[in-house]
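# Fold and contact review
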Amino acid sequence: MNITLDNKLIKRTSKSHIKSILSEKTNWKILDIGCGYSANEFATTICDVQDLSEFYKEKNFVKLENKSLPFKDNEFDFVIASHVLEHVEDFKFFIKELERVSNKGYIELPTKLEDNLVFENKKDHLWHMDFNDVDSKLIISDKLQFVEPILTVSTAHKLRKNFKSSFIIELYWENKIDYDYKNDEESYEKLSLLTLFKKFFSKKIRSIFS
């Protein structure tokens with residue numbers, strides 16, 4: 001199906017739904033960008049800043065050397081960027097590059113909640129992500145640490161099984177990735193975990209003796 005700019009879209013989806021689509025498109029050229037050691041099983045080309053050519057011997061591996069993706073315009077039928085955008089310093093350029101090399105794809109991002117709870121995200125992530133379902137737009141803002149992290153990445157992965165929508169944003173897009181950048185600093189108020197724990201235990205103690 002030919003897609004024009006008039007019917008551009010970005011909407012919520014699920015990884016399982018994307019898997020069902022890609023499993024049927026055996027002739028598609030599919031790029032997975034910045035995936036590390038966990039590339040999508042249907043990807044035909046892997047691109048990463050690390051040299052993972054030995055790990056992906058059965059795939060077409062391309063090492064990313066600079067900001068521009070080393071591919072032609074519309075070279076791919078589908079592009080996957082899972083947990084990449086929050087790391088990229090120039091997110092505007094990166095989004096344009098995704099749009100340049102393909103006309104559709106899948107983006108997976110951490111929610112603000114996961115971003116704040118996970119230790120490794122505190123220094124590794126640059127942006128907060130949200131999605132406006134009314135206007136169908138990705139919302140990007142400066143990363144603010146509202147609470148001190150208490151979870152490891154492995155623990156967060158386990159929690160995703162039962163609280164997926166609270167921890168990750170899964171998006172499908174065609175032609176253009178509509179987004180807005182906004183500054184959340186005015187609404188910034190850091191929460192003290194120590195204060196929260198004190199309130200919790202205080203309430204527990206009162207319930208025991210009431």
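Details of the structure are given in the entry above.
Quick look at the structure, then.

Reading the values: rules and limits
Residues numbered from 1 in each chain as written. Predicted model: local features only at pLDDT ≥ 70, side-chain atom pairs only at ≥ 80, totals over all residues. Heavy atoms only, no water. Core = buried A, V, L, I, M, F, W, Y, C linked by side-chain atoms within 4.5 Å. Buried < 20%, exposed > 50% of the residue type's maximum accessible area, 1.4 Å probe, protein only. Helix = DSSP H or I, 4+ residues; strand = E, 2+ residues; numbered from the N terminus. Contact = heavy atoms within 4.5 Å. Pairing = 2+ DSSP bridges. Axes fitted to C-alpha atoms, helices over the stretch in contact; angles between N-to-C directions. Salt bridge = Lys/Arg side-chain N within 4 Å of Asp/Glu carboxyl O. Expected span 1.5 Å × (residues − 1). Bend = angle between axes of the 7 residues up to and from the residue.

### Some remarks on the nonpolar core
Residues Ile33, Leu85 and Leu98 are the most contacted members of the largest nonpolar core, which totals 30 residues. At the level of elements, strand E2 (30-33), strand E5 (78-82), helix H2 (91-101), strand E6 (104-110), strand E7 (127-132), strand E8 (137-142) and strand E9 (168-174) are the ones that each hand at least two residues to this core. Excluding anything up to four places from it in sequence, leucine 98 contacts Ile33, Leu69, Val79, Ala81, Trp173 and Ile177.

### Concerning the pairing of E8
The sheet contact formed by E7 and E8 spans 6 bridges and is antiparallel. Within the sheet, the bridge partner assigned to tryptophan 127 lies in E8 and is aspartate 142. Count of turn residues in the E7/E8 antiparallel hairpin: 4 residues, of which serine 136 carries a positive phi of about 55°. Bridging between E8 and strand E10 (residues 179-182) involves 4 bridges; their strand directions are parallel. Within E10, the position partnered with serine 141 by the bridge is lysine 182.

### Considerations on the sheet that holds strand E4 (residues 60-63)
Strand order in this open sheet of 7 strands is E1-E9-E6-E5-E2-E3-E4, and the pairing throughout is mixed. A single partner strand is all that each edge strand has here, and the edge strands are strand E1 (9-12) and E4. Across this sheet, the average inter-strand angle for adjacent strands is 20°, counted without regard to direction. As defined by bridge partners, strand E3 (residues 45-48) adjoins E4 across 4 bridges and the pair is classed as parallel. Bridge assignment links cysteine 47 to a residue of E4, and that residue is valine 62. Along the sheet, helix H5 (residues 153-167) makes contact with E6 and E9, crossing E9 at roughly 60°.

### Looking at the pattern of salt bridges
In the structure shown here, the tally under the stated rule is 13 salt bridges. Across the pair glutamate 65 and lysine 63 runs a salt bridge, and its minimum N-O distance is 3.9 Å. When its relative accessible area of 31% is taken as the criterion, lysine 63 is described as partly exposed. In this structure, lysine 137 and aspartate 180 form a salt bridge, with 3.6 Å as the shortest nitrogen-oxygen distance. You can see lysine 137 sitting in strand E8 and its partner aspartate 180 sitting in strand E10, a full 43 residues away along the chain. Here the salt bridges share partners, and the residues they tie into one network are Asp73, Glu97 and Arg100.

### Quick word on H5
Between its first and last C-alpha, H5 extends only 11 Å over 15 residues, short of the 21 Å set by a 1.5 Å rise per residue. Along H5, the helix axis deviates most sharply at lysine 161, where the bend reaches about 100°. Ala156, Arg160 and Phe167 are the residues of H5 that are buried. Considering only its buried residues, H5 is in contact with E6, helix H3 (112-117) and E9.

### Regarding the sheet that holds E10
Strand order across the open sheet formed by 3 strands is E7-E8-E10, with mixed pairing between neighbours. Two strands bound the open sheet, and with one partner strand each, they are E7 and E10. On average, adjacent strands in this sheet sit at an angle of 25° to one another, irrespective of strand direction. The strands touched by H2 within the sheet are E7, E8 and E10, with E10 carrying the most contacts at an inclination of about 175°.

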